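Coordinate inspection notes
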Amino acid sequence: MYHISDIKKLERCKRLFWLSRRKSQEYMTFVNYNESMSDLVKERLMLCNDIFEGKPNDDPALAMEAYKEKKVLLNARFAYEELRIKVPVLIQENDTTIMYMTYRSCYPKEADAQYIADTVSILELLDIYVDEIYAIHLNADYVRGKDLDVFSLLEISDVLYNSHNHKGHKIMDLVNEKKRNIIEVIHVMKQIDTQEDVAVKRTTACTRGNKCPFYGECFTEEVSVTSITNLVQSQHKYAMKEDGITRLKDADLNRIEGSRHQYAQIMADRNDGLYVDRSALRVWRKEHIKYPISYLDFEWETYAFPPYEGMKPYDVLTFQFSLHVEKEKGSQLTHTGFIGEGDCREQFIQELLDSVPKEGTIMVFNMEGAEKLRLRQLAKQFPQYEEQLKSLWERMVDLSLPFSTGNIYDVRMAGMFSLKVLVPIFSDYRYEDLAISYGMDAVAKWRIYQTSQGKEKETIYKELTQYCSMDTYAEYIVYHALERIIDAN
């Protein structure tokens, strides 16, 4: 049995579709879907009587029978031949059939129209004809009060959104435009599924958006750190490789975008593996670095549905910080940290303000999309602390900028510049030596931590502390590595 989501896999890559039929992949959501969308939709549409509610792995015959007998179908599983679909809401009233597509997101995109059109096509093959289609999605502007107001939280719309999150075309118009011969699609899926293998072909689809879960399965060869495929933001790197250009230093200058980062990569490969613009780094240090230096890092959880007062959909709850302080150059580091539970936002703010020195540089890594943004969100939720929090983010310095701007590049970075990549280049430390080695592992542990007790809770607390403090110590390692490079003769 195929699912309609398999069509997306097929259209992205035939081999992705073929492999997904044979090998399961572990999946961990980056977002905490802390409410049941089905329950919220029932409340929003005031559905209480004469409802059929489907369940995973239902026999599709149950949905067909329910369609004849019930006015409202919720999460009904239908199937035509071997292609299975799930319809979130189907309502029959006054000789009209209305379909609601539900989204745990704020801006359901026009790109989803093909999925809806294929769902409608399957229903039509089953002699079920939809007259109206609506999207039920989260309201990005909703701010939670003491209780969750489902009528303000969930919007009902007859349009989808464009890539800029602006309202676009009507769903029904898009569906009529996107309808296709779904029987032919099923035939193609069956044909590919019965093949003994599907050839590997590297395309931009392999890494576009979320990297394909089977990327490592297809490309097992060890890539040299100087490989042309490590050229950042390059549209033509694979074409250059096919033309026999394998090294960064040999890049075709007529086929590169010409960014400083690319220049640094090419020059590093031409210059024994390292490129440094010492003048630029000296200016950066002179303008931004002042002791004491506070090396700071946060960990947070993202909630689709706002769990606490003052939060919006997809707001984050920052539950941990680590702080290493270097009072003077070369002085012994001091460390403090915080791990909260539940709605610990105000406690987090208070602990942070009490811990961070009142002057000097606050060193963070990738601050605009992380720590600085977190503080801005907290300032909106707790305006009584806005000025104090602002005084922190105004002192923040982004340690990632010397690397992302191409002021320094070591070929061992292989086109990346995260702390996990940089630390082993400049020291003997490895994140892999820790019980928690990735941010999402920390979030997963924190989810368990809140309901654990005794020794398990103590162990998780220790693991979370080690991981977050490793991030701030890593900032210390990387900054002082830059210092040595800047001051080298």
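This text goes with the structure placed above it.
Here is a short report on the structure shown in this document. These numbers were taken from a predicted model, which means no experiment stands behind them. (Residues numbered from 1 in each chain as written. Predicted model: local features only at pLDDT ≥ 70, side-chain atom pairs only at ≥ 80, totals over all residues. Heavy atoms only, no water.)

1. Points about the overall build of the protein
A count of helices and strands for the protein gives 19 helices and 16 strands. Counting only C-alpha atoms, the protein reaches 80 × 60 × 45 Å along its principal axes. Looking at the 489 residues of the protein, the share that counts as buried comes to 50%. For the protein, restricting intrachain contacts to residue pairs at least 6 apart in sequence, the fraction spanning at least 24 positions comes to 66%. Looking at the protein as shown, the accessible area adds up to about 24,900 Å², and 46% of this sits on carbon and sulfur atoms. Charge-centre separation for the protein: the mean point of 63 positive side chains lies 4 Å from the mean point of 77 negative side chains. (Helix = DSSP H or I, 4+ residues; strand = E, 2+ residues; numbered from the N terminus. Buried < 20%, exposed > 50% of the residue type's maximum accessible area, 1.4 Å probe, protein only. Contact = heavy atoms within 4.5 Å. Areas by Shrake-Rupley, 256 points an atom, 1.4 Å probe, with all protein chains shown as cover. Lys, Arg positive; Asp, Glu negative; His and termini not counted. Charge placed at Lys NZ, Arg CZ, Asp CG, Glu CD.)

2. A closer look at the side chain of R395
Here R395 lies in the loop between α15 (386-393) and β15 (396-398). The buried charged residue R395 lacks any salt bridge, with E359 as its nearest oppositely charged partner at 7.5 Å. At a separation of 2.8 Å, a polar atom in the side chain of R395 contacts the main-chain carbonyl oxygen of P357. A distance of 3.1 Å separates the side chain of R395 from the backbone oxygen of E359, its partner in a polar contact. The residues contacting R395, other than those within four sequence positions of it, are V356, P357, K358, E359, G360, T361 and I362. (Salt bridge = Lys/Arg side-chain N within 4 Å of Asp/Glu carboxyl O. Polar contact = N/O pair within 3.5 Å; in protein donor to acceptor, adjacent residues only side chain to side chain.)

3. Some remarks on the pattern of salt bridges
A complete count under the given rule lists 28 salt bridges for this structure. Salt-bridge contacts for R15 lead to D197; the nearest nitrogen and oxygen are separated by 2.8 Å. Taken together, the residues span a long stretch of sequence, with R15 in helix α2 (residues 14-20) and D197 in the loop between α8 (182-193) and α9 (215-218) at a distance of 182 residues. Notably, a salt bridge pairs D158 with K170, separated by 2.7 Å at the nearest N-O pair. With D158 in the loop between β7 (154-157) and β8 (159-161) and K170 in strand β9 (residues 167-170), this pair connects stretches of sequence that are 12 residues apart. Note on K170: relative accessible area 42%, which makes it partly exposed. The network of salt bridges with shared partners includes R285, K329, E483 and D487.

Purely geometric numbers; function is a separate question.
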